[in-house]
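Residue-level structure breakdown
Residues per chain, in single letters:
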Amino acid sequence: MKKMVSLLLAMCMMLSLLVGCGAPAQSSEASGGLTVNVTVPADFEGELNGRLLFVLDNAMPEDGAQVFDNIDVTGCPVFGKTVYGLKAGDTITMTANDSDVYGYPMQLSEVPDGEYAVQALFVRYTQFNRADGVSLWGMADHGGGGSVTSNPYNLYSDAQMSAVNSSAVIDLSLTNEIELGYELQEGQVDQQGNYESQYDCVVFDKIKSEVLSEFWGTDMYIGLNILLPVDYDPAKEYPVLYYQGHWVGGSAPLRYGRNEEFTAWWDSGEAPEIIVVTTRDANMFYDNMYWVNSANMGPCGDAFINELIPYVEETYGGISETWARMLAGGSNGGWESMALQVYYPEVFGGSWVMCPDGMDFHAYQIVDLYEDENGFYIDNGWTKTDRPSARDTSGNIMWTIEQENHWETAIGGGEAISLGCWSGWEAVYGPVDEDGYPARVWDPITGVINKDVVSYWQEHFDINYYLQNNWDEIGDSLYGKLHLRGGDMDNYYLNLSQYLVTDFLETVDYGGYSVTFPGMGHTGNISNDALMMEIAQHMVQYGPADAAAIMGMK
């Protein structure tokens, strides 16, 4: 697997096209002689393993920013090389003829002659020895939320202006470290971060997951960001909304404290008395766990259902009944809230699914994994048309699927550990490959789809396929619980998947709704206070006779 990917990376170095990066138009074939040397400091202690990223940009950043802050699919050029077993004083060399170096949106040999701001970033890897017998390397979370540019203890060089030409040699040294930014208190760990609340109704907590720790062979934690009712009484019990989404860091749920209108409404006493919980669950594959049992991620569903929920109910007074456990989320959190409701229909009383990731792999964004042969383009015979990955609501293409996958490859190499969305989905949905890393659903360089992996995805995580094949058993338990919201111009084409799920739901009596809003992009198109009121009214309708009184509703 690794040898094959290395060969493909080398081949791709010959084929890559220069994508608009703002670089000077002048170019020199002789610039293939560019050499980049990056040195491990002489005072470094221990062994250094991970992914070296070399970045360049047209100008030095201002106001204390770093060149690597502009790493993005539409950002500055980035070149990566994975190395292991480095010691103090060792030097890593990148050259254009090194098959282990892969760049985006160009290769080292294609960098136009010029003067650039350059910098090196070293993404430190940890070895995980899992309970399934797999040993693999990836970036352990230290509170960075799945970001290679902000995870503490990653190393970086000073930025400098350097000439790039036919004989340029750039020397950099990893003299800096991304700092933790605070001192760990007794009993604290840095995983998932540590935060202090500025508000009486906001709590930051953390639990150790026993099932995830056993799977990963090391202690694994789940962070909790909790918004309590403004007049919270520890002696009372409350319904709980589990709100899913990307890494939330030190932010309170539902933008409390950041959105003035919602904060004033919550503090006014007019809001229903509901506890809201979001999670901090970054890992080596992505910035969250998706909360389903996965071959690569581990028993995340078990951790959520059997550890997280009981902890919230026992510690904060959550009501231990189905009607009082609600779900909501957007984007990846939309998929999570849908999956948790569908796979655990008796546990949760309702789900508000907003602009969710693909729920039917006939619409994996814009790719039909079952029918298409290639994820990157449509083959018309004489022509090939690139598949878009992102658009604005006017229809303008922001980047393609191929570009995004090549960018992820530069960041993470041939394995699905770039912490980007495409490799993250492969970690959630897919089987473990022979090398211990997630099996690729398509070749990250060519886009050729692996139908064996697709079959595994279908059987395990195609939610619409699951609904259609299990409705007779789970339909009654899902009645009234599914509420889908999205824009018909979703920026990532996720409305296509929603349409397919809606087509099925409209053939059965499901008691919910699915709506897409004309001209709207990646959104659920509902304010947080309106969402909370809709959820509260749902619990009044389907909960006990005193549900309104329990939530303090007048």
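Reading the values: the criteria
Residues numbered from 1 in each chain as written. Predicted model: local features only at pLDDT ≥ 70, side-chain atom pairs only at ≥ 80, totals over all residues. Heavy atoms only, no water. Salt bridge = Lys/Arg side-chain N within 4 Å of Asp/Glu carboxyl O. Helix = DSSP H or I, 4+ residues; strand = E, 2+ residues; numbered from the N terminus. Buried < 20%, exposed > 50% of the residue type's maximum accessible area, 1.4 Å probe, protein only. Pairing = 2+ DSSP bridges. Axes fitted to C-alpha atoms, helices over the stretch in contact; angles between N-to-C directions. pLDDT = per-residue confidence, 0-100. Contact = heavy atoms within 4.5 Å. Core = buried A, V, L, I, M, F, W, Y, C linked by side-chain atoms within 4.5 Å. Parallel < 35°, antiparallel > 145°, perpendicular 65-115°, else oblique. Nonpolar A, V, L, I, M, F, W, Y, C, P; charged D, E, K, R; others polar. Polar contact = N/O pair within 3.5 Å; in protein donor to acceptor, adjacent residues only side chain to side chain.

If you walk through the whole model with that rule in mind, you get 9 salt bridges. The salt bridge involving Glu47 is made with Lys87; its shortest N-O contact spans 4.0 Å. One end of the pair, Glu47, is in the loop between β1 (35-39) and β2 (48-57); the other, Lys87, is in the loop between β3 (78-86) and β4 (91-95), and 40 residues separate them in sequence. Classification of Glu47 by relative accessible area gives partly exposed; the value is 43%. Between Arg440 and Glu426 there is a salt bridge; the shortest N-O distance is 2.9 Å. With Arg440 in the loop between α7 (421-429) and α8 (451-461) and Glu426 in helix α7, this residue pair connects regions lying 14 residues apart in the sequence. Owing to a relative accessible area of 10%, Arg440 belongs among the buried residues under this scheme.

Below, the discussion takes up the pairing of strand β6 (residues 114-124). Of all 11 residues in β6, 8 are buried, a share of seventy percent or more. Inspection of the sheet shows β2 paired to β6 by 8 bridges, in the antiparallel sense. Of the residues in β6, the one forming a bridge with Phe54 is Ala120. In this structure, β6 lies alongside strand β10 (residues 160-164), joined through 5 bridges in antiparallel fashion. Across the sheet, Glu115 pairs through a bridge with Ala163, a residue of β10. Here β6 pairs with strand β9 (residues 155-156) via 2 bridges, running antiparallel.

This brings us to the sheet that holds strand β15 (residues 240-244). Within a beta sheet, neighbouring strands are joined by backbone hydrogen bonds and run either parallel or antiparallel to one another. Reading across from one edge, β13-β14-β16-β15-β19-β20-β25-β26 is the order of the 8 strands in this open sheet, with mixed pairing throughout. Edge strands, defined here as strands with exactly one partner in the open sheet, are β13 (202-209) and β26 (513-517). Taken over all neighbouring pairs, the strand axes of this sheet differ in orientation by 20° on average, direction set aside. Note that strand β19 (residues 325-330) and strand β20 (residues 350-354) share 5 bridges and pair parallel. What sits directly across from Leu327, in β20, is Ser351.

Looking now at the confidence of the model for the chain. Mean pLDDT for the chain: 94, with 94% of residues reaching 70 or above. In the predicted structure, residues 1-32 sits below a pLDDT of 50 and forms 60 contacts with residues beyond four places in sequence or in another chain.

Next up on the list: the nonpolar core. With 138 residues, the main nonpolar core has Tyr242, Trp266, Met338, Phe348, Leu369, Trp442 and Leu467 as its most contacted residues. For this core, the element with the most residues is helix α4 (residues 300-316), which contributes 8 residues. When sequence neighbours within four positions are dropped, the list of residues in contact with Met338 reads Ser351, Val353, Met359, Ile463, Leu467, Leu482, Leu484 and Val501. In terms of nonpolar packing, the next biggest core, distinct from the first, is built from 29 residues, Val36, Met94, Leu108 and Tyr116 among them.

Geometrically, the link from Tyr104 to Pro105 is a cis peptide bond, its omega value of 5° lying close to zero. Following the sequence through the fold, Pro105 ends up in the loop between β5 (102-104) and β6. One non-glycine residue, Tyr290, adopts positive backbone phi at about 70°. Mapped onto the secondary structure, Tyr290 falls in the loop between β16 (275-280) and β17 (293-294). Look at Tyr290 and you get buried, because its relative accessible area is 0%. Its identity as a non-glycine residue notwithstanding, Trp291 has a phi of 55°, on the positive side.

Quick look at the packing of helix α5 (residues 332-343) against helix α9 (residues 463-478) now. For the pair α5 and α9, interaxial distance at closest approach is 10 Å and the crossing angle is 50°. The orientation of α5 relative to α9 falls into the category oblique. On α9, the residues touching Trp335, Met338, Ala339, Gln341, Val342 and Tyr343 of α5 are Ile463, Tyr466, Leu467, Ile474 and Leu478. By residue class, the composition of the contact of α5 with α9 is 10 nonpolar, 1 polar and no charged.

Glancing now at the side chain of Thr279. With respect to the helices and strands, Thr279 occurs in strand β16. Thr279 gets classed as buried once you look at its relative accessible area, which sits at 9%. Among the polar contacts listed, one links the side chain of Thr279 to the side chain of Asp281, at a separation of 2.9 Å. In this structure the side chain of Thr279 is engaged in a polar contact, spanning 3.5 Å, whose partner is the side chain of Trp291. Each residue touching Thr279, except ones within four places of it in the same chain, is listed here: Ile222, Gly223, Leu224, Val248, Trp291 and Leu308.

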